[in-house]
Amino acid sequence: MADHELNGKQIPLGFTFSFPCHQEGLAVGRLARWTKGFNCEGVVGEDVVTLLQQAIKRRGDINVECVAILNDTVGCLMSCAFSDHSTEVGVILGTGTNACYMEKLQRVELWDGINSEPDQVIINTEWGAFGDNGCLDFVRTDIDKEVDRTSLNPNKQIFEKMISGMYMGEIVRRLIVECASKGLIFNGHIPADLNTEGRFYTKYVSEIEQDEDDGEFSRTQQILDELGVIKPTLIIDCQRVQEICRVISERAAFLASAGIAALINRINKPNATVAVDGSLYRFHPHFHNLMLQKTQSLTREGLKLHMMLSEDGSGKGAALVAAVAHRIRTTSSAHSS
């Protein structure tokens, strides 16, 4: 702030908060529940903007006012919409997963604000909770159910637990262990590390899928060696581990694609851009292509879509929202005076 000569000036802040909230105003959001493994007491039901402002006040060395709170999906959408005005959907595929989209006011049943221009609103779907009512049970496996049961929030965020980076590695690990226990890989040997919950990281999935089937599988062998697999040099073992990673990745990408296609079909515009951010989408070697192909196959004929990587959506998107909110407030104050 000193470098930009902002000391002593009040700075408008856009607050990206990546958890389900009941948004009661542009700068009022009450936490509905924790997700993605977080669980901090005394926050659920509270206005997180007020809590943030109280923390800023306790510091006593900066003059910051939070003028807007937004979900990371909204930040993702906004950062891309700044350069591509056809952006209609924002998707996060990282530690967790969620999506938002542009909706016409007359189609929003819960809207209790003023029905005036602009006649659109951004809907935060919180699609990670899709399936909490049991509607996805027909596609859930025993491993999905075990991962859910041992999580910090059992029976919650079912869709998220089948897609996101926080859970993908664990799903793969459990499937590898199951195959090994049946003697299908590693000659039935299961090392202690591989038998430890959370030890197979989602980044391993991305790295293993980067290996080409060229008879070497260098990345796969290195990862299996780290996990204590005895002589992970058998090509057939590497091929089967890679196939397990491929199947779980493909399922995650296809599930996300189904959600995106549903939103594109609802928006029903001839051209729409989908802004996407998150470590899973950024670093997995095949996620983008899998999603684009499947989403296109599920959308109505005549609807075209483009997927765009959002650069720093949480930061840039929040800054854009804060700038607009501050400008509107300043303009309104000037007119009223």
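All of these numbers come straight from a predicted model, not from anything done at the bench. (Residues numbered from 1 in each chain as written. Predicted model: local features only at pLDDT ≥ 70, side-chain atom pairs only at ≥ 80, totals over all residues. Heavy atoms only, no water.)

Caption draft 1: Fine view of the overall build of the protein. Scanning the protein for helices and strands turns up 11 helices and 9 strands. Seen through its principal axes, the protein has C-alpha atoms that stretch 80 × 55 × 40 Å. Scored against the burial criterion, the 337 residues of the protein give a buried share of 45%. Long-range contacts, defined as pairs at least 24 residues apart, comprise 65% of the intrachain contacts of the protein with a sequence gap of at least 6. Accessible surface for the protein amounts to roughly 17,600 Å². Of this, 52% is attributable to carbon and sulfur atoms. For the protein, the distance from the average position of its 33 positive side-chain charges to the average position of its 44 negative side-chain charges is 3 Å. (Helix = DSSP H or I, 4+ residues; strand = E, 2+ residues; numbered from the N terminus. Buried < 20%, exposed > 50% of the residue type's maximum accessible area, 1.4 Å probe, protein only. Contact = heavy atoms within 4.5 Å. Areas by Shrake-Rupley, 256 points an atom, 1.4 Å probe, with all protein chains shown as cover. Lys, Arg positive; Asp, Glu negative; His and termini not counted. Charge placed at Lys NZ, Arg CZ, Asp CG, Glu CD.)

Caption draft 2: Looking closely at the packing of helix H6 (residues 202-210) against helix H7 (residues 218-226). Where H6 meets H7, the axes come as close as 8 Å, and the angle between the chain directions of the two elements is 145°. Note on element contacts: H7 touches H6 through Arg219, Thr220, Ile223 and Glu226, opposite Tyr204, Glu207, Ile208 and Gln210. When the residues that make up the contact of H6 with H7 are grouped by side-chain class, the tally is 3 nonpolar, 2 polar and 3 charged. (Axes fitted to C-alpha atoms, helices over the stretch in contact; angles between N-to-C directions. Nonpolar A, V, L, I, M, F, W, Y, C, P; charged D, E, K, R; others polar.)

Caption draft 3: Region of the structure containing the sheet that holds strand S8 (residues 271-277). Strand order in the open sheet formed by 5 strands is S7-S6-S5-S8-S9, and the pairing between neighbours is mixed. In the strand order of this sheet, the two ends are held by strand S7 (120-124) and strand S9 (304-309), each with one partner. With direction set aside, neighbouring strand axes in the sheet form an average angle of 20°. Alignment of strand S5 (residues 87-93) against strand S6 (residues 97-104), held across 5 bridges, turns out to be antiparallel. Note on S6: the bridge partner recorded for Val89 is Tyr101. Sitting on the sheet, helix H10 (residues 287-298) is in contact with S5 and S9, with an inclination near 160° to S9. (Pairing = 2+ DSSP bridges.)

Caption draft 4: Quick look at the side chain of Glu170. Among the secondary structure elements, Glu170 is positioned in helix H5 (residues 165-181). Overall, the relative accessible area of 9% leaves Glu170 in the buried class. The residues contacting Glu170, other than those within four sequence positions of it, are Val147, Glu197, Gly198 and Phe200.

Caption draft 5: The arrangement of the nonpolar core in detail. With 57 residues, the main nonpolar core has Val91, Leu93, Ile176, Phe186 and Phe200 as its most contacted residues. Apart from residues lying up to four places away in sequence, Phe186 is in contact with Ile176, Ala180, Leu194, Leu224, Val229, Asp237 and Val241. The next biggest cluster of nonpolar side chains, apart from the first, holds 12 residues, and it includes Ala68, Val74, Ala322 and Ala325. (Core = buried A, V, L, I, M, F, W, Y, C linked by side-chain atoms within 4.5 Å.)

Caption draft 6: Summary view of the pairing of strand S2 (residues 21-25). With 4 bridges connecting them, S2 and strand S3 (residues 28-31) associate as antiparallel partners. Across the sheet, Cys21 pairs through a bridge with Leu31, a residue of S3. Between the antiparallel neighbours S2 and S3 lie 2 residues.

Caption draft 7: Focus on the layout of surface pockets. The computed volume of the largest pocket comes to approximately 2,000 Å³. Gln23, Trp111, Val121, Ile122 and Ile123 are the residues nearest the centre of the largest pocket, which is lined by 47 residues in total. Taken together, the elements giving at least two residues each to the lining of the largest pocket come down to S2, strand S4 (64-70), helix H2 (72-81), S6, S7 and helix H11 (313-336). The leading source of residues in the lining of the largest pocket is H11, at 6 residues. Counted by class, the lining of the largest pocket contains 29 nonpolar, 9 polar and 9 charged residues. (1 Å grid on protein atoms, 1.4 Å probe; cavity = no way out; pocket = protein on both sides within 12 Å on 5 of 7 lines; lining within 4 Å. Points joined across faces, edges and corners; volume = space filled by probe spheres on them.)

Caption draft 8: Just helix H8 (residues 235-267), in detail. A rise of 1.5 Å per residue sets the reference length of H8, with its 33 residues, at 48 Å; its end C-alpha atoms lie 47 Å apart and thus fit the reference within 8%. Positive phi shows up at Asn268, right after H8, with a value of about 60°. (Expected span 1.5 Å × (residues − 1).)

Caption draft 9: Here's a closer look at the packing of H5 against H8. Put simply, H5 and H8 touch, their axes get as near as 10 Å, and they point 140° apart. Judged by the angle between their axes, H5 and H8 are oblique. The element H5 and its partner H8 pack so that their crossing is right-handed. For the pair H5 and H8, the contacting residues are Met168, Ile171, Val172, Leu175, Ile176 and Cys179 in the first and Val241, Ile244, Cys245, Ile248, Ser249, Arg251 and Ala252 in the second. (Parallel < 35°, antiparallel > 145°, perpendicular 65-115°, else oblique. Left-handed = near helix turned anticlockwise from the far one by under 90°.)

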